[in-house]
Amino acid sequence: MDEVSDLAVTALRDVLPEAEEWDAAVIDTPGDYGRGTAAAIAAAEVVIVPVPAETEALLTLDRMTEWRAGVTRRLRRRMPEQVVWYVPVKVDARQTLDNDLIRVLTERYPGQVSSPVRKVGTSATSAFAARMPVGLFAPEDGITQDYRAALAPILATI
């Protein structure tokens, strides 16, 4: 990144403190390594990384971690201290691969892995179709409970 790119990436971080009407801002980024994601990383005090229970997950996570470290090194003097959380998603507790992923994450990032979120069920799909958060659409559903359990330790750090 050059100095102009650095300014573009840090602009979001610079304007967020002016948004006094919110206690927190959640920025959902695409799964890419573009400037928008870099801007969100640069502005974040807490980074939440969903890790799907898929064969390529650890390879993708390694690439993302390396990229994030590069952004952090480049902008260190201009970034807030960060806490990173990893959330295993699309988990089927009956699958060996899924349990292995959680074990590896916990070994690599002790104290930074939330409880897992199970594979998306019909209520999540229906909530998406209704343009509602699943927590409002189906507050007692199992996946809603998974999200609450996964987010509880993360929200406690904010």
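Preceding this section is the structure that the text describes.
Residues numbered from 1 in each chain as written. Predicted model: local features only at pLDDT ≥ 70, side-chain atom pairs only at ≥ 80, totals over all residues. Heavy atoms only, no water.

The subject of this paragraph is the overall build of the protein. Of the regular secondary structure elements, the protein holds seven helices and two strands. If you list the helices and strands of the protein from N to C, you get α-α-β-α-β-α-α-α-α. Evaluated residue by residue, the protein yields a buried proportion of 35% over its 158 residues. Expressed as a percentage of contacts within the protein between residues at least 6 apart in sequence, the contacts between residues at least 24 apart total 71%. Within the structure as shown, the protein displays about 10000 Å² of accessible surface, and the carbon and sulfur contribution to it stands at 57%. (Helix = DSSP H or I, 4+ residues; strand = E, 2+ residues; numbered from the N terminus. Buried < 20%, exposed > 50% of the residue type's maximum accessible area, 1.4 Å probe, protein only. Contact = heavy atoms within 4.5 Å. Areas by Shrake-Rupley, 256 points an atom, 1.4 Å probe, with all protein chains shown as cover.)

In this structure, Val-49, Val-51, Leu-61, Tyr-86 and Leu-105 are the most contacted members of the largest nonpolar core, which totals 19 residues. The leading source of residues in this core is helix 3 (residues 57–75), at four residues. In contact with Tyr-86, other than residues within four places in its own chain, are Val-49, Val-51, Leu-61, Thr-65, Tyr-109, Gln-112, Val-113 and Ser-114. Judged by nonpolar contacts, the second largest core, of ten residues, contains Val-87, Ala-127, Ile-143 and Ala-150. (Core = buried A, V, L, I, M, F, W, Y, C linked by side-chain atoms within 4.5 Å.)

It is worth spelling out the side chain of Thr-144 at this point. Within the secondary structure, Thr-144 is located in helix 7 (residues 142–155). By relative accessible area, Thr-144 is classed as buried at 3%. Not counting residues within four places of it along the chain, the set of residues in contact with Thr-144 comprises Val-134, Gly-135, Ala-138 and Pro-139.

Moving on, we come to helix 2 (residues 35–43). Of all nine residues in helix 2, seven are buried; the element is thus mostly enclosed. The complete set of buried residues in helix 2 reads Thr-37, Ala-38, Ala-39, Ala-40, Ile-41, Ala-42 and Ala-43.

This brings us to the environment of Thr-106. Within the fold, Thr-106 resides in helix 4 (residues 96–108). Each C-alpha atom of the pair Thr-106 and Tyr-86 lies 9.1 Å from the other, and the pair is 20 residues apart in sequence.

Take the pattern of salt bridges next. Counted according to the given criterion, the structure contains four salt bridges. Between Arg-94 and Asp-92 there is a salt bridge whose closest N-O contact spans 2.9 Å. Between Glu-107 and Arg-103 there is a salt bridge, with the nearest N and O atoms lying 3.3 Å from each other. Within this pair, Glu-107 and its partner Arg-103 are both found in helix 4, separated by four residues, close to a single helical turn. (Salt bridge = Lys/Arg side-chain N within 4 Å of Asp/Glu carboxyl O.)

The next subject is helix 5 (residues 122–129). Of the residues making up helix 5, those classed as buried are Ser-123, Ala-124 and Ala-127. For helix 5, the buried positions fall inside an angular range of 100° around the axis, keeping them on one side. Relative to its buried face, helix 5 has exposed residues pointing more than 90 degrees away, namely Thr-122, Phe-128 and Ala-129. For helix 5, the secondary structure elements touched by its buried residues are helix 6 (134–137) and helix 7. Arg-131 sits one or two positions beyond helix 5 and adopts a positive phi of about 55°. (Arc of directions from axis to C-beta.)

A separate point is the environment of Val-91. Mapped onto the fold, Val-91 is located in the loop between strand 2 (83–89) and helix 4. For Val-91, a relative accessible area of 7% gives the class buried. Taking the C-alpha atoms as reference, Val-91 lies 9.6 Å from Val-51; in sequence the two are 40 residues apart. Discounting chain neighbours no more than four positions away, the residues touching Val-91 are Ala-53, Asp-98, Ile-102, Pro-116, Val-117, Arg-118 and Lys-119.

The element strand 2 is extensively covered by neighbouring structure, given that six of its seven residues are classed as buried. As defined by bridge partners, strand 1 (residues 46–52) adjoins strand 2 across seven bridges and the pair is classed as parallel. Residue pairing across strands places Val-51 opposite Pro-88, the latter belonging to strand 2. (Pairing = 2+ DSSP bridges.)

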